[in-house]
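A closer look at the structure
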Amino acid sequence: MHSTSTIVLNSESLKSNIDFIRSSIGPDVRLSSVVKGNAYGHGIEAFVPLVESCGVDHFSVFSADEAHRVHSVVSRDSTILIMGEVGEHGLEWVIENDIEFFVFDIERALAALTIARKLSKPAKIHIEVETGLNRTGFNKPGLKQLVELIKISDGYLVVEGLCTHYAGAESIANYVRVQNQIKKYNKFYQWLVSQGITPTLRHTACSAAAMAYPKTHMDLVRIGILQYGFWPSKEIFIDYLGKIRNKEKTDPLKRVISWTSYIMSIKEVRTGEFIGYGTSYLAQQNMSIAAVPVGYAHGYSRILSNQGRVLVNGRRVGVVGIVNMNMMMIDISDVPDVHKGMKVTLIGGKDETAISVASFGELSNQLNYELLTRLPHDIPRLIK
Ligand SMILES: *Cc1c(COP(=O)(O)O)cnc(C)c1O
């Protein structure tokens with residue numbers, strides 16, 4: 001079937017990012033590749049085997065359905081970890097298939113124990129503790145209950161890990177909060193050990209924490225955005241540049257994804273005409289414009305109306321008017337040799353003309369995460 005746009009994943013760039021992450025965390029820390037949100041829009045089925053070919057054998061997802069998709073493409077020796085929702089029905093499949101999962105309340109622990117006994121197969125759990133994010137995780141009283149349950153579980157609850165998540169490690173404004181979280185986490189760990197429970201893996205770090213706070217590395221780091229070639233925030237990038245010495249101060253990360261479509265139709269617009277719905281764009285001179293068959297239904301955000309930039313024949317050109325559901329208009333007045341069917345790069349390109357995700361109208365880095373994960377599942381993913 002014909003698709004109106006194509007996503008290409010660059011395996012060389014990925015390899016280079018993984019090498020960079022490994023050099024940052026050192027040889028003794030395990031790397032878990034975070035592939036929730038359809039591998040940040042890159043596509044689980046296409047992305048996971050590529051990461052595996054870089055030697056990564058640990059994957060973290062949000063939910064049981066994502067674990068299912070990773071499981072269907074991953075080699076047997078790799079570990080899959082669910083950091084979020086499993087659901088009553090998911091648990092049975094999860095335990096049966098050695099999928100590991102976060103446990104953050106006593107109800108889930110009880111459900112896991114019941115199913116593990118029924119299947120005669122231990123549940124591999126990672127205890128999530130509350131250290132300050134106030135999202136999910138055990139407080140001390142709940143943890144005490146859990147420990148009692150583990151002690152009478154006849155080995156059906158195996159503690160593979162002890163984990164937590166930081167409340168904004170990408171911003172220096174949260175420095176004190178993160179430091180407190182690290183302290184709280186370490187206390188929980190020591191207390192568990194005193195209770196005779198030693199989790200196999202201690203893990204707390206996401207990309208930002210791994211870069212900015214080396215002591216969060218512990219036994220394993222859960223890395224999402226960095227492996228795709230984006231910094232979690234400008235602050236983290238600047239912090240990194242400040243720390244490296246005697247090296248070229250360049251960006252070591254390489255964008256893995258590119259996204260292209262094509263020119264569907266071309267027309268001329270005269271001075272004084274409005275372009276698209278409403279009155280948001282007024283032609284100030286005679287213009288050539290082109291329709292591109294990608295809109296917000298394909299993940300190209302309406303925020304990019306009159307703001308987005310795309311590449312056509314090596315030139316950066318602007319989106320004119322409102323991004324529609326299935327289409328957008330671009331200004332091709334200054335592009336030489338334009339014709340129908342010509343490639344339009346929505347994300348990608350080289351050097352100073354490159355269109356990165358963040359360069360979408362100077363929007364914040366948080367939008368990298370959002371724009372990427374909104375890329376629809378049904379756009380074909382090709383590997384380069
Ligand atoms: C998403 C997520 C990560 C990875 O975050 P990045 O900033 O993309 O590295 C790590 N841990 C948890 C619990 C997450 O939800």
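Calculation notes
Residues numbered from 1 in each chain as written. Predicted model: local features only at pLDDT ≥ 70, side-chain atom pairs only at ≥ 80, totals over all residues. Heavy atoms only, no water. UniProt positions renumbered as here; feature names shortened; annotations may be inferred. Near = heavy atom within 4 Å. Polar contact = N/O pair within 3.5 Å; in protein donor to acceptor, adjacent residues only side chain to side chain. Areas by Shrake-Rupley, 256 points an atom, 1.4 Å probe, with all protein chains shown as cover. Helix = DSSP H or I, 4+ residues; strand = E, 2+ residues; numbered from the N terminus. Nonpolar A, V, L, I, M, F, W, Y, C, P; charged D, E, K, R; others polar. Pairing = 2+ DSSP bridges. Axes fitted to C-alpha atoms, helices over the stretch in contact; angles between N-to-C directions. Contact = heavy atoms within 4.5 Å. Salt bridge = Lys/Arg side-chain N within 4 Å of Asp/Glu carboxyl O. Buried < 20%, exposed > 50% of the residue type's maximum accessible area, 1.4 Å probe, protein only. Patch = residues over 30% accessible without salt bridge, like charges linked within 9 Å, V, L, I, M, F, W, Y side chains within 5 Å. Lys, Arg positive; Asp, Glu negative; His and termini not counted. Charge placed at Lys NZ, Arg CZ, Asp CG, Glu CD. Parallel < 35°, antiparallel > 145°, perpendicular 65-115°, else oblique. Left-handed = near helix turned anticlockwise from the far one by under 90°. Domains from an automatic or database assignment.

The protein goes by Alanine racemase in an unreviewed UniProt entry, where it is assigned to Fulvivirga imtechensis AK7. Checking UniProt for the protein, the heading Cofactor (unreviewed entry) contains the comment "pyridoxal 5'-phosphate".

1. Examining the site of the ligand
The ligand sits among Val 34, Lys 36, Tyr 40, Met 83, His 165, Cys 206, Ser 207, Arg 222, Ile 223, Gly 224, Ile 225 and Tyr 369. The contact in question runs from a nitrogen atom of the ligand to an N or O atom on the side chain of Arg 222, over 2.9 Å. A distance of 2.8 Å is found between an oxygen atom of the ligand and a backbone nitrogen or oxygen belonging to Ile 225. Burial of the ligand by the surrounding chains reaches 91%, relative to a free accessible area of 390 Å². Where the shell around the ligand is concerned, the elements lending two or more residues are α2 (36-40) and β9 (220-223). The residue inventory of the shell around the ligand, partitioned by class, reads 7 nonpolar, 3 polar and 2 charged.

2. Looking at the sheet that holds strand β8 (residues 201-205)
An order of β2-β3-β4-β5-β6-β7-β8-β9 is seen for the 8 strands of this closed barrel, with the pairing classed as parallel. Looking at each pair of strands side by side, their axes are set apart by 30° on average, direction ignored. The pairing of strand β7 (residues 157-163) with β8 spans 3 bridges and is classified as parallel. From the neighbouring strand, Gly 161 faces β8, where its bridge partner is Leu 201. Against the sheet, helix α6 (residues 106-119) engages β5 (100-103), β6 (123-128) and β7, with an angle of about 145° to β5.

3. What about unusual backbone geometry?
In this model, Asn 134 sits at a positive phi of 55°, which is unusual for a non-glycine residue. Examined against the element boundaries, Asn 134 turns out to sit in the loop between β6 and α7 (140-151). The phi dihedral of Asp 337 is positive, around 55°, even though this residue is not glycine. Mapped onto the elements, Asp 337 comes out in the loop between β15 (328-331) and β16 (343-347).

4. Thoughts on the pattern of salt bridges
Oppositely charged side chains can form a pair if their charged atoms are brought close together. Under the defined criterion, the tally for this structure stands at 11 salt bridges. Between Asp 19 and Lys 15 there is a salt bridge, and its shortest N-O distance comes to 3.3 Å. Taken together, the positions of Asp 19 and Lys 15, both in helix α1 (residues 11-25) and 4 residues apart, correspond to about one turn of that helix. Overall, the relative accessible area of 39% leaves Asp 19 in the partly exposed class. Residue classification places Lys 15 among the partly exposed positions, given a relative accessible area of 44%.

5. Details of a positive patch on the surface
On the surface, Lys 140, Lys 144, Lys 183, Lys 184, Lys 187 and Lys 215 cluster together into a patch of positive charge. Considering each element in turn, the positive patch owes the most residues, 3 residues, to helix α8 (residues 175-194).

6. Some words on the packing of α7 against α8
Where α7 contacts α8, the two axes come as close as 12 Å, and the packing angle between them is 30°. When the axis of α7 is compared with that of α8, the two are roughly parallel. By crossing handedness, the relation of α7 to α8 is classed as right-handed. Where α7 abuts α8, its residues Lys 140, Leu 143, Lys 144 and Val 147 lie against Phe 188, Trp 191 and Leu 192. Looking at the contact of α7 with α8, its residues break down into 5 nonpolar, no polar and 2 charged.

7. Regarding the domain arrangement of the protein
Here the protein is partitioned into domain 1 (11-243) and domain 2 (257-355). Centre-to-centre, using C-alpha coordinates, domain 1 lies 40 Å away from domain 2.

8. A few points about the pairing of strand β10 (residues 257-262)
Looking at chain direction, strand β1 (residues 6-9) and β10 are connected through 4 bridges and run antiparallel. When the sheet's bridge partners are listed, Leu 9 is paired in β10 with Ile 257. Relative to β16, β10 is paired through 4 bridges, and the arrangement is antiparallel. Note on β16: the bridge partner recorded for Tyr 262 is Lys 343.

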